[in-house]
Amino acid sequence: MVNEVIEGYRRSYDALLPKINADIEKYRKGNFKIKVVDKDGNPVVATVRAEQKKHLFDFGTSALMLGNMGDKEREYRNAVSNLFNFITTTFCWSVMETEPGKFRFEEGSEEIYRRPPSDRVLNFAKENGIKAKGQPLFCGRWCPDWVPKDLDELKRLWINYVKEVAKRYDGEYSMFDVVNESYACSWKNMEWLPIPYSELLKWMLETAGEIFSSACVMERNEGSHVNFGEFAERYYEENKKLLAEGVRLDSIGFQFHFFNGESCMEQLVSSSGISNLDNIYATYHKMSTLGVPLYISEITIPSVYEGMSLAEGEELQAELLESLYRLWFSIPNMRGIIYWNIKDGDAWKNEGDCRGCLIDEYMRKKKSYYALEHLIKREWNTCITSATDNEGILEFSGFYGDYDVNVVIDSKEEKAVSCSFDKEGSVLTVTVN
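Keep in mind that this is a model prediction, so the values were computed, not measured.

The rules behind the values
Residues numbered from 1 in each chain as written. Predicted model: local features only at pLDDT ≥ 70, side-chain atom pairs only at ≥ 80, totals over all residues. Heavy atoms only, no water. Helix = DSSP H or I, 4+ residues; strand = E, 2+ residues; numbered from the N terminus. Buried < 20%, exposed > 50% of the residue type's maximum accessible area, 1.4 Å probe, protein only. Polar contact = N/O pair within 3.5 Å; in protein donor to acceptor, adjacent residues only side chain to side chain. Contact = heavy atoms within 4.5 Å. Phe/Tyr/Trp six-rings, centres within 6.5 Å; stacked < 30°, edge-to-face > 60°. Lys NZ or Arg CZ within 6 Å of the ring centre and 35° of its normal. Expected span 1.5 Å × (residues − 1). Arc of directions from axis to C-beta. Salt bridge = Lys/Arg side-chain N within 4 Å of Asp/Glu carboxyl O. 1 Å grid on protein atoms, 1.4 Å probe; cavity = no way out; pocket = protein on both sides within 12 Å on 5 of 7 lines; lining within 4 Å. Points joined across faces, edges and corners; volume = space filled by probe spheres on them. Nonpolar A, V, L, I, M, F, W, Y, C, P; charged D, E, K, R; others polar. Pairing = 2+ DSSP bridges. Axes fitted to C-alpha atoms, helices over the stretch in contact; angles between N-to-C directions. Left-handed = near helix turned anticlockwise from the far one by under 90°.

**Student:** Explain the side chain of glutamate 73 here, please?
**Tutor:** By the element assignment, glutamate 73 lies in helix α2 (residues 73–83). Judged by relative accessible area, which is 14%, glutamate 73 ranks as buried. Among the polar contacts made by the side chain of glutamate 73, one reaches the side chain of arginine 77 at a distance of 2.7 Å. In contact with glutamate 73, other than residues within four places in its own chain, are Met65, Leu66, Gly67 and Asn68.

**Student:** Explain the environment of valine 45 here, please?
**Tutor:** Mapped onto the secondary structure, valine 45 falls in the loop between β1 (29–38) and β2 (47–55). Residues valine 45 and serine 118 lie 73 residues apart in sequence; the distance between their C-alpha atoms is 50 Å. If we ignore the near neighbours within four places in the chain, the residues touching valine 45 are Thr388, Asp389, Asn390 and Ile409.

**Student:** Hey, could you run me through the packing of aromatic side chains in this one?
**Tutor:** Two aromatic rings, taken as a pair, are described by how far apart their centres are and by the angle between their planes. Enumeration according to the criterion identifies 37 aromatic pairs in this entry. Their ring planes at 70 degrees and their centres at 6.4 Å tell us that phenylalanine 32 and tyrosine 403 sit as a pair that is edge-to-face. Highlighted residues: phenylalanine 32 in strand β1 and tyrosine 403 in strand β15 (residues 401–409), separated in sequence by 371 residues. An identical accessibility class is assigned to phenylalanine 32 and tyrosine 403; each is buried. A ring pair is formed by tryptophan 93 and tyrosine 161, whose centres lie 5.9 Å apart and whose planes are at 15 degrees; its orientation type is stacked. Note that tryptophan 93 is positioned in helix α3 (residues 93–96) and tyrosine 161 in helix α5 (residues 151–169), a separation of 68 residues in sequence. Comparing tryptophan 93 with tyrosine 161 shows no difference in burial state: the two are buried. Across the ring face of phenylalanine 399, the terminal group of lysine 29 is positioned such that the distance to the ring centre comes to 5.0 Å. When the ring centre of tryptophan 142 is taken as reference, the NZ or CZ atom of arginine 115 above it lies at 4.9 Å.

**Student:** Is there a simple way to think about helix α7 (residues 229–244) in this case?
**Tutor:** Note on helix geometry: an α-helix contains 3.6 residues per turn, so any two residues three or four positions apart are oriented the same way. The terminal C-alpha atoms of α7 lie 23 Å apart, and with 16 residues this matches the ideal 22 Å at 1.5 Å per residue to within 8%. Every buried residue of α7 is accounted for by Ala232, Tyr235, Tyr236, Asn239 and Leu242. End-on view of α7: buried residues confined to an arc of 135 degrees, all on one side of the axis. Exposed and oriented more than 90 degrees from the buried face of α7 are Glu230 and Ala244.

**Student:** Got a minute to help me understand the side chain of asparagine 333 in this structure?
**Tutor:** The topology assignment puts asparagine 333 in the loop between α10 (310–330) and β12 (334–339). With residues near it in sequence (within four places) discarded, asparagine 333 still touches Ser288, Gly291, Val292, Pro293 and Leu294.

**Student:** Help me out: how do you make sense of the pattern of salt bridges in this one?
**Tutor:** Pairs can form between side chains of opposite charge once their charged atoms are near each other. Taken as a whole and judged by the stated rule, the model has 36 salt bridges. Across the pair arginine 77 and glutamate 73 runs a salt bridge, and its minimum N-O distance is 2.7 Å. Highlighted residues: arginine 77 and glutamate 73, both in helix α2, separated by four residues, approximately one helical turn. A salt bridge links glutamate 233 to lysine 286; the shortest N-O distance between them is 2.8 Å. Linking glutamate 233 in helix α7 with lysine 286 in helix α9 (residues 277–288), this pair joins segments that are 53 residues apart in sequence. Since its relative accessible area comes to 34%, lysine 286 is described here as partly exposed.

**Student:** How do you make sense of helix α12 (residues 367–379) when you look at a structure like this?
**Tutor:** Among all positions in α12, only Ser368, Tyr369, Ala371, Leu372, Leu375 and Ile376 are buried. Taken together, the buried residues of α12 touch β2, β3 (58–62), α2 and α10.

**Student:** Hey, could you run me through the layout of surface pockets in this one?
**Tutor:** To find leftover empty space, a probe the size of one water molecule is rolled over the atoms. Its boundaries defined by the atoms lining it, the largest pocket holds a volume of some 740 Å³. Around the largest pocket sit 34 residues that line it, and Glu181, Gln255, His257, Glu298 and Glu351 are the ones nearest its centre. Put simply, the parts of the chain that give the lining of the largest pocket at least two residues each are β4 (86–90), β10 (251–257), α8 (261–268) and α11 (350–353). Among the residues forming the lining of the largest pocket, the class breakdown is 15 nonpolar, 13 polar and six charged.

**Student:** When you look at the pairing of β1 in this model, what are you seeing that I'm missing?
**Tutor:** Side chains on a regular strand alternate between the two faces of the sheet. Burial analysis of β1 places seven of its 10 residues in the buried class, which makes it a mostly covered element. Across seven bridges, β1 lies against strand β14 (residues 393–399) in antiparallel orientation. For isoleucine 34, the partnering residue across the bridge sits in β14 and is leucine 394. Where β1 meets strand β17 (residues 427–432), six bridges bridge the pair, whose relative direction is parallel. Residue pairing in the sheet places aspartate 38 in a bridge with valine 432 of β17.

**Student:** How do you make sense of the packing of helix α1 (residues 2–28) against α10 when you look at a structure like this?
**Tutor:** Between two packed helices, the angle of one axis relative to the other and the distance separating the axes together describe the packing. With their axes 8 Å apart at the nearest point, α1 and α10 run at an angle of 35 degrees to one another. Here α1 runs over α10; the crossing is left-handed. Facing Val2, Ile6, Tyr9, Arg10, Tyr13, Leu16, Leu17, Ile20, Asp23, Ile24, Tyr27 and Arg28 of α1, the residues of α10 in contact are Leu316, Glu319, Leu320, Ser323, Leu324, Arg326, Leu327, Phe329 and Ser330. By residue class, the composition of the contact of α1 with α10 is 14 nonpolar, two polar and five charged.

And the structure:
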């Protein structure tokens, strides 16, 4: 069954690939210009090397094990910072405000497994020049036990919590999930609510949007089923309605978790045996029409499949990830892709059973890690060395992001500068002596 499914998937992917490649060129790259002049503004013929150091696009992973890796801590941190420019951590209310007014923000706070203090994650991000995201400000299963089953009290206490988070981290963390998994587990233990979940969701988005400044992105994040079928349509219509009503919705998140090989295979094909890849692709394009940035917010692709050896399963995981990352990277409004657990042996319950990580339990990088490394660090990374023309200009096409630029004249390095090519037509003028 697995072989039949993957062959159908490959056929669909091969059919989409020309469009995917064309859209990566269209949406992820720009035409840039570097102009070299002397101190009087006259053009200078020189050799220019432009090397991309960081993507504008967010390639991320969770940092839930930060500080909990024992003698593997350095390897873990290096594996994260080497590949990713974006990390996320939990702000689940029940583990960040364990008692009324008792917050776990600072380093030295009570240790909770897979729930690091938020200062620790932010400091790691700053040390490595990467961005940080918080997940989520509300999720029903993480509503504290000490919150009364009273809507007015829930709202009052949640506002207090969100204000504390904003006071400390607005603009420091680049984005937050305001509400997580409202279709799935978010409303577990919330059956007592006297209003539909959609009303509370809207209120929370509006309230957090008023508390946080525009320096911090406010996202709605949902479970994996919103990538497919009727839930995808429902998600689109709800988000369209929220935006039409003026609700602050800065970003829309799609989880993509499969915690066993069987569910992964089931979702890759429809009931008629046709690949679902076309439907997934259409879902993101339709959501892009709302004009709001999109994120693939949490990803798990298994390494364990019935009838396959572990080595074969890891090959398949790498293949699926590479093809899916290409698809996601090509979507017009997509702004980031976040792989969830990076190391086997540390994931939560069935998240771990499927061995859906990029590194095994011995810190050996799997083929999936190397597949992503090839895409992010090589194929989707621009490095060019060329001479300027007689006007002192070098024009080139490159991926959006931060660059180091070196100017060499007569075999001698004259100037080294850093810059951002973050939009079509970006121009850098370099003045040399």
